[in-house]
Structure formats: structure tokens, C-alpha cells
Amino acid sequence: MEYKRYPRLRCDLSRLRRNVESVTRRCHAAGIRVAGVVKGANGLLPITEQYALGGCDQIASSRLDQLERAAGLGLPTMLIRVPMRCELEDVARVCDYSLESDADTLTELNALCARRNRRHKVVLMADLGDLREGWWDKDELTVQALRVERELSHLDLAGIGTNLGCYGAIVPTVEKMEELAALAARIEAAIGRKLEIVSGGATTSFRLVHQGTMPAGINHLRIGEAILVNYDLPHEWGISDLDDLSSQVFTLQAQVLECRRKPSYPEGEIFIDAFGRRQEYPSRGMRRRALIGVGKLDLGSAMRLIPRDVGIEILGGSSDHTILDVEDCPRPLKAGDILEFDLDYTAVLFLTAGSYVALDFLPVEESAALC
Ligand SMILES: *Cc1c(COP(=O)(O)O)cnc(C)c1O
């Protein structure tokens, strides 16, 4: 007998395509171009293809390998992690655009492009409070913009951008976007021309497009999460009317290893778990529990799984196992059964990067492509 391999990650390409089309249509209507960010799904080519077919203006990733894989799709590529020095050769070779935040790196990238007789477009990053990449001193940013424009012969100043909501968890408000637009206007005045790109952020900035409050000066976003999983805006930001975006592009299928009743409180002397942590174990008496064959190695954290069946609670896990309380699940479960889960961004990030996970792509239906 031939056994199917699990855990298995299913990607519904029709749903993905509709998400890409909805996001790009809405942004384009607001005068905003979209860099489709593929790093959340390891830049897998069948997924990146749907980004291209669905109307993205550029393909973006933090990883050069993923951009190289997308090279055949005919869209400009954008590196969205400011580059390491060791990457510059490949940045010049593989990417049309890169985000930049260091003056010496710009010097080196320009010299390298000159040697290779190439041109490369850069987007200079402004740190507006999130405290990850970008110039903090906006005068310095303006000086560097002028330097790219006038002195760095093989770099083109495509524009400026900012990133919010990552480290400092700063909300992209209308005020933050206006601050970026004002900075862009200042640089445009200094260089005497319009910038191609004023990039206002990621999925969390798409919220302003959805609400119709994005300031006019912002003309570019870099969007991954809303296209791939659409979890954050409906679940964390309380936006309930994103009807045209599916949250079920991805499904995890995992196989049950055992299912039996056990006490809910461990028996013996309690110390630290497999990851060095002291855990709390609520005592709820004897409960039916199921063990599935997927773990932190595959998922990052087991607690992020969202069961499709009712009455299932995630109790925890180790590198290769996840333990579920299924006492209140009406399904009779036994070893060999398959359980399905919805996923958030982090889970998809880990699952698509993991080599132990089988991948299934449900093809785009003709009807979906037509409507
Ligand atoms: C990951 C990333 C994005 C995309 O973020 P999402 O929340 O997935 O939309 C955009 N810009 C930068 C710089 C990133 O690193």
C-alpha cells in the first residue's frame, strides 16, 4: 500500500490568486503600486507565479535566492531586507530594486555596479519610530538621497520608504504616512524631480487603503501577509469587512499518532520541558487527547495552529509532536486520521521553509481566473 506523506501543506492557488487580485486592484485604484512579498511562503514558484498573474508590480523578498527563483516571471524584483555586504554582488545581478539604509553600503554597491557595468535602483529607508532599518536623522537621509542622485553614477534613486509594525510594533497611522510623504516632498524639492516610489509599509499600512485614508503622497506598498494568510487584519486589527480576502489559502493536514484518555496533570516531579521552560498544567481530570505528527521544527510554535474541527484545543508540543485536547471534539479520532488546521503567517513561514513538510498546490480553476 502506498502511503501519502504527512504533515502536508495545501495551498489553494485559486484563493491565493483572488487575494492577489483584490489587494492589487484596491491599491491601484488608490494610486498605489504593490510589491508582492513572497518571503512568507519561502518564495515557492507556484505561489510567486500567482503574484505575477494577479497584478503585482514587483516581486519582493528579504532573500536573494527567492528573488532569483522569480527571475523568469518578467516582473521587476525588489530586495526588502537591506543587504549584507556579502550579498552586494548578487543584489546587483539579481535585483532591480533594493531597500538601503547605510551610506557605505551604497558606496560599495555603486562601485560594484560600475565594475559590472550595471544600473541598480535604490529605495532609501526612513526610520519613523519602529527602530529596525532606516536613517533616524532625516537630514542625513536627505544628504544620502542627494548623493545617490548626483554622485553615485550607477545607482538610481527610485525613492524612499519606511517600515512599521515589525520591531517596535508601531501603528502605521495617517500621521506617520504624512510624515513620510512630507519627507519625500522635501527630497523631491532638493533633487528637482518626482520620486518613482514612496513606499508606506506592509500589510498593516494596507489597512489605510482599505479605510480610504491613505495620504495622497504614498504611492507604493510591500504586501505579503494580507495576500498569503489574511489573518492579522481580521483577527488582530478587528477589520471585519475584508470580504474579498480569503483566510484559507493554506491548510495544514497532520496525521494522528495516538488518541486516548489521560490525566490532564502530569504525574511525578515537575521540572522543565524539552525547551527549558517551566509550564503550567491546569488540572481538569481525565481528558481525551490526540497526538499529531507535526512539531515546533515544522511550525515554530505549536500554539499557532487553528483547528478546523470544533472542540479541539492545542495543549502544547515538542520539536516533532503537537498535543491536542479533543475531549469536546465530536469526531471519533484514531491513529491514522487526518486533522486540518488554518494557519497564521509564522506557521506558513516555518511550514514552507521546512524540508519535512509535503506540499500540495490546488490549481487555479478556469472560473476563478476569469472572474
Ligand atoms: C516582510 C516585509 C514586508 C511585508 O510585510 P507583510 O506584513 O507580510 O505585508 C514589507 N516590508 C519589509 C521591509 C519587510 O521586511
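What this report covers is the structure whose coordinates are included nearby. As the structure is a computational prediction, the values presented were derived from the model and not from experiment.

### Remarks on the overall build of the protein chain
Here's step 1: Each helix and strand in the protein chain was counted, giving 13 helices and 16 strands.
Here's step 2: Here the C-alpha atoms of the protein chain give a radius of gyration of 23 Å, agreeing with the 21 Å that 2.2 N^0.38 yields for 371 residues.
Here's step 3: When its C-alpha atoms are laid out on the principal axes, the protein chain stretches across 75 × 50 × 40 Å.
Here's step 4: In the protein chain, which comprises 371 residues, the share counted as buried stands at 49%.
Here's step 5: For the protein chain, the computed accessible surface area is about 17,200 Å², with 50% contributed by carbon and sulfur atoms.
Here's step 6: Here the protein chain holds 45 positive side-chain charges and 54 negative ones, and the gap between their average locations is 2 Å.

### Structural notes on the packing of helix α5 (residues 103–116) against helix α6 (residues 138–150)
Here's step 1: Running from N to C, α5 and α6 point in directions that differ by 10°, and their axes come no closer than 11 Å. By the criterion of interaxial angle, the relationship of α5 to α6 is roughly parallel. Along the contact surface, α5 presents A103, L106 and T107, while α6 presents Q144, R147 and V148.
Here's step 2: Of the residues belonging to the contact of α5 with α6, the class tally is three nonpolar, two polar and one charged.

### A closer look at the site of the ligand
Here's step 1: Contacts to the ligand come from 14 residues, most closely from K39, T203, R222, G224 and E225.
Here's step 2: T203 is positioned such that a nitrogen or oxygen atom in its side chain is 2.6 Å from an oxygen atom of the ligand.
Here's step 3: G224 places a polar main-chain atom, nitrogen or oxygen, 2.9 Å from an oxygen atom of the ligand.
Here's step 4: Notes on the ligand: free accessible area 390 Å², of which the protein chains cover 88%.
Here's step 5: More than half of the atoms belonging to the ligand lie within 2 Å of the grid points that define the largest pocket.
Here's step 6: Tallied by class, residues from the shell around the ligand come to six nonpolar, three polar and five charged.

### A word on the nonpolar core
Here's step 1: Membership of the largest hydrophobic core comes to 90 residues, with the highest contact counts inside it found for I47, Y51, L124, F206 and F250.
Here's step 2: Among the elements that take part in this core, helix α7 (residues 174–191) stands out by supplying seven residues, more than any other.
Here's step 3: With residues up to four places along the chain from it excluded, the contact list for Y51 reads L16, V20, G36, V37, V38, C56, I59, I223, G224, I227 and L228.
Here's step 4: Of all hydrophobic cores here, the second largest spans 11 residues; its members include A60, M78, I80 and L99.

### Focus on α5
Here's step 1: With 14 residues, α5 extends 20 Å between its outermost C-alpha atoms, agreeing within 8% with the 20 Å of an ideal straight helix rising 1.5 Å per residue.
Here's step 2: Taken together, the buried positions of α5 are occupied by T105, L106, L109, N110, L112 and C113. Take α5 and look down its axis: the buried residues cluster within an arc of 165°, on one side only. What points out from α5, more than 90 degrees from its buried face, is the exposed set D104 and R115.
Here's step 3: Considering only its buried residues, α5 is in contact with α4 (88–94), β5 (97–100), β6 (120–125), α6 and β7 (155–161).
Here's step 4: Backbone geometry just downstream of α5 places N117 in the positive-phi region, at approximately 55°.

### Topic: the packing of aromatic side chains
Here's step 1: One pass over the full model with this rule turns up zero aromatic pairs.
Here's step 2: Lying across the ring of Y97, K121 places its NZ or CZ 4.9 Å from the centre.
Here's step 3: Sitting over the face of the ring of W136, K138 holds its NZ or CZ atom 4.9 Å from the ring centroid.

### Some words on a nonpolar patch on the surface
Here's step 1: Taken together, L131, W136 and Y167 make up a surface patch of nonpolar side chains, about 420 Å² in accessible area.
Here's step 2: As for its position among the elements, Y167 is in the loop between β7 and α7.

The rules behind each value
- Residues numbered from 1 in each chain as written.
- Predicted model: local features only at pLDDT ≥ 70, side-chain atom pairs only at ≥ 80, totals over all residues.
- Heavy atoms only, no water.
- Helix = DSSP H or I, 4+ residues; strand = E, 2+ residues; numbered from the N terminus.
- Rg over C-alpha atoms; globule rule 2.2 N^0.38 Å.
- Buried < 20%, exposed > 50% of the residue type's maximum accessible area, 1.4 Å probe, protein only.
- Areas by Shrake-Rupley, 256 points an atom, 1.4 Å probe, with all protein chains shown as cover.
- Lys, Arg positive; Asp, Glu negative; His and termini not counted.
- Charge placed at Lys NZ, Arg CZ, Asp CG, Glu CD.
- Axes fitted to C-alpha atoms, helices over the stretch in contact; angles between N-to-C directions.
- Parallel < 35°, antiparallel > 145°, perpendicular 65-115°, else oblique.
- Contact = heavy atoms within 4.5 Å.
- Nonpolar A, V, L, I, M, F, W, Y, C, P; charged D, E, K, R; others polar.
- Near = heavy atom within 4 Å.
- Polar contact = N/O pair within 3.5 Å; in protein donor to acceptor, adjacent residues only side chain to side chain.
- 1 Å grid on protein atoms, 1.4 Å probe; cavity = no way out; pocket = protein on both sides within 12 Å on 5 of 7 lines; lining within 4 Å.
- Sits in = over half its atoms within 2 Å of the grid points.
- Core = buried A, V, L, I, M, F, W, Y, C linked by side-chain atoms within 4.5 Å.
- Expected span 1.5 Å × (residues − 1).
- Arc of directions from axis to C-beta.
- Phe/Tyr/Trp six-rings, centres within 6.5 Å; stacked < 30°, edge-to-face > 60°.
- Lys NZ or Arg CZ within 6 Å of the ring centre and 35° of its normal.
- Patch = residues over 30% accessible without salt bridge, like charges linked within 9 Å, V, L, I, M, F, W, Y side chains within 5 Å.
- Salt bridge = Lys/Arg side-chain N within 4 Å of Asp/Glu carboxyl O.

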